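Residue strings, one per chain:
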Amino acid sequence: MSEDLSKQQTSRINKLQRKLRGEVGKAIADYNMIEDGDRVMCCLSGGKDSYAMLDILLNLQQRAPIKFEIVAVNLDQKQPGFPEEVLPAYLDTLNIPYHILEKDTYSVVREKIPEGQKTCSLCSRLRRGTLYGFAQKIGATKIALGHHRDDIIETLFLNMFFAGKQKAMPPKLLSDDGANVIIRPLAYAREKDIAEYAELKAFPIIPCNLCGSQENLKRVEVKEMLKGWDEHHPGRIESIFTAMQNTSPSQGVDREQFDFVSLERDADAPLKGEVAESELPAFDFLDVANKGHIDLDAAAKRRSENKIDVVSTYTP
């Protein structure tokens, strides 16, 4: 029985790996995330997403037609009880270059943020600054983060609901100072697939006790909303993400993205375009001098009946 279970698990791992590898490969190709000669700094938090990202990138590295380096980096933020030995032990088994950075951002966050308030914003800002600086130190050309498709959609709704912005996480981003390119190889992957893959692969997960225990976070609310949609309306999440890839500024209301102020009609434009010419009403046959109801169908019929066939009446 255990042997059959092992075979089933292996089969499922292989299936999920192929699926994730395909999604990561497509995201990399679509957004030109990784190029020949790149040194990619993979940021590991100890969570399921970053473990899966590293695993899939290492898998792709063996198959890709281009050559690129992978360097794993973890930032030990000195949270109480953080198991310092877990990540080094795991990374040693992979035989890849890695660095563990030690910086006590935990104390800074606790000092600056009152008890009960969310810590994510300051924590991520401190973490981001440290990692960005180290990427330049080691000559990394790309910084890979483990955000997945669900993270991207959740961020969109968070900004819409609570910040009044239509803004999400781009799969590829240039930092504000222009010094780093950030990529999200898991941009096309679903969280539920990553979670199952991580469980089957038995990654040594390290929980985030600093912010993960804050059950009242707005992101949790949005996550639950999207989870409900996914359960009761299959395909809705996929449709939302597809919509994010198909924006039309001229059909929105953002004056920064489209010049509505200068928009004006072309007085010389012919009356055609969105409909076939044969479907246009016979406006040239109408007497519009008097106000009232105008039967366009009747006008078109009269025009047709009164039309002269110039070919049949022509006499040489």
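Provided above is the structure to which this section pertains.
These figures come from a predicted structure and were not determined experimentally.

The rules we used
Every residue gets a number counted from 1 within its own chain, in the order that chain's sequence is written. Per-residue local features of the predicted model are confined to residues with pLDDT of at least 70, and side-chain atom pairs are confined, for both listing and counting, to 80 or more; whole-chain, interface and lining totals are unaffected and use all residues. Just so you know, side-chain values use all the structure's heavy atoms and leave hydrogens and water out. By definition, any uninterrupted DSSP run of H or I lasting at least four residues is a helix, any uninterrupted run of E lasting at least two residues is a strand, and each is numbered from the N terminus. Relative accessibility under 20% of the residue-type maximum defines a buried residue, over 50% an exposed one, and the middle range a partly exposed one, all with a 1.4 Å probe and only protein chains included. The contact criterion used is simple: two residues touch if any of their non-hydrogen atoms lie within 4.5 Å. Here the open area of atoms and residues is found with the Shrake-Rupley method and a 1.4 Å probe, where only the protein chains shown may cover a residue. The directions from the helix axis to the C-beta atoms are what the arc is built from. In this scheme Phe, Tyr and Trp rings, the latter by its six-membered ring, pair at centre separations within 6.5 Å, and the angle between planes marks the pair as stacked below 30 degrees, edge-to-face above 60, and tilted otherwise. Two conditions define a charge located above a ring, namely a distance within 6 Å from the ring centre to NZ of Lys or CZ of Arg, and an angle within 35 degrees of the ring normal. As used in this record, nonpolar core signifies buried Ala, Val, Leu, Ile, Met, Phe, Trp, Tyr and Cys residues forming a set joined through side-chain atoms within 4.5 Å. Pairing between two strands is assigned when DSSP locates at least 2 bridges connecting them.

**Here's the deal with the overall build of the protein chain**
Argument step 1. A tally of regular secondary structure across the protein chain gives ten helices and six strands.
Argument step 2. Per-residue burial over the protein chain gives 36% buried out of 316 residues.
Argument step 3. When contacts within the protein chain are restricted to residue pairs at least 6 apart in sequence, long-range pairs at least 24 apart make up 73% of them.
Argument step 4. As displayed, the protein chain offers around 20200 Å² of accessible surface, 51% of which is attributable to carbon and sulfur atoms.

**Overview of unusual backbone geometry**
Argument step 1. Notably, Asn32 is not glycine yet its phi reads approximately 50°, a positive angle.
Argument step 2. Tracing the backbone through its elements, the reader meets Asn32 in the loop between α1 (2-31) and β1 (39-44).
Argument step 3. Positive phi, normally seen in glycine, also occurs at Asn95, with a value near 60°.

**Topic: helix α7 (residues 191-201)**
Argument step 1. Within α7, the full set of buried residues consists of Glu191, Asp193, Ile194, Tyr197 and Ala198. Here the buried residues of α7 occupy an arc of 160° about the axis, which is enough to place them on one side. More than 90 degrees from the buried face of α7, the exposed residues found are Lys192 and Glu199.
Argument step 2. Residue Ala202 follows α7 closely and has a positive phi angle near 60°.

**Side note on the packing of aromatic side chains**
Argument step 1. Applying the stated criterion across every chain yields a total of ten aromatic pairs.
Argument step 2. With a centroid separation of 6.2 Å and an interplanar angle of 80°, the aromatic rings of Tyr90 and Phe203 are classed as edge-to-face. Taken together, the residues span a long stretch of sequence, with Tyr90 in helix α3 (residues 86-94) and Phe203 in the loop between α7 and α8 (218-232) at a distance of 113 residues.
Argument step 3. Its relative accessible area of 15% is what places Tyr90 among the buried residues.
Argument step 4. For the cation-ring pair, Arg149 lies above Phe241, with the distance from its terminal atom to the ring centre recorded as 5.6 Å.
Argument step 5. Here the guanidinium or amino end of Arg236 rests over the ring plane of Trp229, the centre of that ring lying 5.0 Å away.

**Structural notes on the nonpolar core**
Argument step 1. Grouped together as the largest cluster of nonpolar side chains are 49 residues, with contacts concentrated most on Ile34, Cys42, Leu54, Leu57 and Tyr197.
Argument step 2. Looking at this core, the element that brings in the most residues is helix α2 (residues 48-63), giving eight residues.
Argument step 3. With near-sequence residues (within four places) excluded, Leu54 lies in contact with Cys42, Leu44, Ile70, Ala72, Leu91, Leu94 and Ile96.
Argument step 4. Among the nonpolar cores identified, the runner-up in size contains 15 residues, and Val73, Leu75, Ala135 and Ile138 belong to it.

**Description of the pairing of β1**
Argument step 1. For β1, a buried count of five out of six residues is recorded, marking the element as mostly surrounded by other parts of the structure.
Argument step 2. Alignment of β1 against strand β2 (residues 69-76), held across six bridges, turns out to be parallel. Residue pairing across strands places Arg39 opposite Glu69, the latter belonging to β2.
Argument step 3. In this structure, β1 lies alongside strand β4 (residues 142-144), joined through three bridges in parallel fashion. Its bridge partner lying in β4, Met41 is registered against Ile143.

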